[in-house]
Amino acid sequence: MRVLSACIAHETNTFSAVPTTLADFRHASPQPDPGDGTSFGGDAAIRQAFAGTHSMAGGFLDGANEQGLDLEMLLWTFATPGGIVLQEAYEYLRDLLLRRLRQAGPADGILLHLHGAMVSEEHEDVEGDLLTAVRQQIGPRTPLVVTTDLHANMTAAMATPADTIVGYDEYPHNDMYERGVEGARLLGDMLAGRLSPAMAYRQLPLITMPPKQCTIIEPMRSLLAFAHELEARPGIANVTLAMGFPFADIHDAGVSVLVTADSDRALAEATADEMAAAIWARRDDFTVRLTPVPEAIEYARTHEGLTVLADGSDNPGGGGPCDGTVVLQHLIEADMQDAVVAIIVDPDSAERAAQAGVGNNVSLMLGGKTDDRHGAPVPVTAYVRLISDGTFVEQGPMGRGVTAQLGRTAVLVVGGVEVVVTERRMQPLDAELLRSVGIEPTRRRLVALKSAVHFRSTYQDLAARIFDLDTPGVHRPDFAAYEYRRLRRPLYPLDDVSWPGAS
Ligand SMILES: [Zn+2]
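Per-chain numbering applies: the sequence of each chain, read as written, is numbered from 1 onward. Residue-level local features of this predicted model are given only where pLDDT is at least 70; pairs of side-chain atoms are given and counted only at 80 or more, and the full residue set underlies all totals for whole chains, interfaces and linings.

**Digging into the sheet that holds strand S13 (residues 378-388)**
Rules: Two strands are said to pair when DSSP picks up at least two bridges between them. Each helix is a run of H or I in the DSSP string that is no shorter than four residues. Each strand is a run of E no shorter than two, and both are numbered from the N terminus. The contact rule is simple: place each C-beta atom from the backbone, and if two of them lie within 7 Å, those residues are in contact. As a rule, the C-alpha atoms of each element are fitted with a line to give its axis, helices using only the stretch in contact, and angles between N-to-C directions run from 0 to 180 degrees.
In space, the nine strands of this open sheet follow the order S9-S19-S10-S18-S11-S17-S16-S13-S12, with mixed pairing throughout. Pairing within the sheet leaves two strands with one partner each, and these edge strands are strand S9 (291-292) and strand S12 (361-366). As judged from the six bridges shared by strand S16 (residues 409-414) and strand S17 (residues 417-422), these two strands associate in the antiparallel manner. Within the sheet, the bridge partner assigned to Val-414 lies in S17 and is Val-417. Most of the contacts of helix H12 (residues 347-356) go to S12, to which it runs at about 175°, and overall it touches S12, S13, S16 and S17.

**Remarks on the domain arrangement of the protein**
Interfaces are often described in size by the accessible area the parts lose on coming together. Stated precisely, the cut-off is as follows: Either an automatic procedure or a domain database provided the assignment from which the domain bounds are taken. Gly falls in the polar group here, along with every residue not listed as nonpolar (Ala, Val, Leu, Ile, Met, Phe, Trp, Tyr, Cys, Pro) or charged (Asp, Glu, Lys, Arg).
Domain boundaries in the protein define domain 1 (2-286) and domain 2 (291-476). The distance between the C-alpha centroids of domain 1 and domain 2 comes to 30 Å. Facing 24 residues of domain 1, the contacting portion of domain 2 comprises 25 residues. Considered class by class, the residues forming the side of domain 1 that touches domain 2 number twelve nonpolar, eleven polar and one charged.

**Focus on the sheet that holds strand S7 (residues 236-242)**
Spatial ordering of the open sheet is given by S6-S8-S7, a layout of three strands whose pairing is antiparallel. In the strand order of this sheet, the two ends are held by strand S6 (197-203) and S7, each with one partner. Within the sheet, the average angular offset between the axes of one strand and its neighbour, ignoring direction, is 10°.

**A few points about helix H9 (residues 265-281)**
What counts here: In this scheme, a helix's expected span is set at 1.5 Å multiplied by one less than its residue total. Using C-beta atoms placed from the backbone, we call a residue buried if 20 or more other C-beta atoms fall within 10 Å of its own, exposed if 12 or fewer do, and partly exposed for counts in between. Directions from the helix axis toward the C-beta atoms define the arc.
Here H9 spans 24 Å end to end across 17 residues, near enough to the 24 Å set by a 1.5 Å rise per residue. Taken together, the buried positions of H9 are Ala-268, Thr-271, Ala-272, Met-275, Ala-276 and Ile-279. Considered in projection along H9, the buried side chains sweep an arc of 135° and stay on one side of the axis. Next to the buried residues of H9 lie S6, helix H8 (220-231), S7 and strand S8 (256-262).

**Description of the packing of H8 against H9**
Filter applied, for reference: The labels follow the angle: roughly parallel below 35 degrees, roughly antiparallel above 145, roughly perpendicular from 65 to 115, and oblique for the rest. What makes a crossing left-handed is the near helix being turned counterclockwise from the far one by less than a right angle; a clockwise turn instead makes it right-handed.
Look at H8 against H9: their axes get within 10 Å of each other, and the N-to-C directions meet at 165°. Relative to H9, H8 is oriented roughly antiparallel. For the pair H8 and H9, the sense of crossing is right-handed. Along the contact surface, H8 presents Leu-223, Phe-226, Ala-227 and Leu-230, while H9 presents Thr-271, Glu-274, Met-275, Ala-278 and Ile-279.

**A few points about the pairing of strand S1 (residues 2-9)**
For S1, a buried count of seven out of eight residues is recorded, marking the element as mostly surrounded by other parts of the structure. Bridge analysis of S1 against strand S2 (residues 70-78) gives eight bridges, and the strand direction is parallel. Residue pairing for S2: Ala-6 is matched across the bridge by Leu-75. Sheet analysis places S1 next to strand S3 (residues 109-114), joined by six bridges and oriented parallel.

As structure tokens, then:
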């Protein structure tokens, strides 16, 4: 059985000031040119980048092998989360995928990975548009299986063209590989006649923020366990909790549930109602508590072990610029010792540090250059401890084996604070990032990370204490910080809602 596969993924923060361009996708893609002049991957390049890695593409490849499917990877690109995607960039990628699907010829099935929260200038539901176009091209009968992120803002327009959608279960997304294997398995089951998917979609009048979407703490730990209970029932193929991406001012941002049953639509519908009711019953447990930065610093100063400060408001994994300086400024003012800030994206400062050279001092205006919402540039005289090419191989469960590239990277020492300054944006979720530049996090007192939740995939076991910081930014987990215009209303907790969808 011949299966064609692709990924076009972006998590779009509509509050970000920085639009996402085709270059952002190109940069993040397996580079070699498949022969059509685009340099957007192609089967060989995608396999070279991901075969054997603990990633979604790695899961597709292994899952297809297990199912005896002949998988051809057509296109694989995911830009770092950022502002609204330029319309020309989205249309270029969509048309490229449709062209490659056409050129590849007849297929028995299609296996796609999409994020589920991509917004372009003209489409607030990009995936709905993309899946509709793919379905139109492949016809009504070819099985179409889609995997998505836990942060998908799921819509009816996405659910309708797909036979089944499998979202990540976990946040941190430690199970991307496993969901990739599962997607390939469900497609294999369909092609072998073992599964005739009937999918139900339920949107809740509920929106939630990242710190409490984390599935290793309540209420999500219990809700995910319940989803797995439902999944284990006879006739249920998949239960997906799409918790939504709240930093998108679109109609459908928020929480939804997808249930895929074998042949039995009524069972899918009833199970989706049951799951939705369970989430709704816990709606008050999603309230986020943030800690003022000075309080967290004082805790670290007076307690043994590693304290991790999560500066989720500037999380590049959700569209933050990752050059915010609020925490750094606090650490300098507090004269904190034995502290690390990871990372501040500032290509100019990284370049100047490299020119000054290791072992020398350099005067810089550090960070704060993207916008005026994440703190001002900080004037520093810094000691240049290390310069590197920013390349390291991820070791955590969210991408073990994948090569990460931060570009030119400098470790600067400002008073008692080591600052990792990079050329490129990337969420510092893997402790290997620090180790690759000679910093062992467990031998520091405080590490401040531009990450909301994903850092827990490797830091949860290293940290004695973790604080979600009260900082400003485009990824601040606080509904009062945003002016929503397009969200459907009423929506809990922004409005009082009595929901007939659950008792
Ligand atoms: Zn996510």
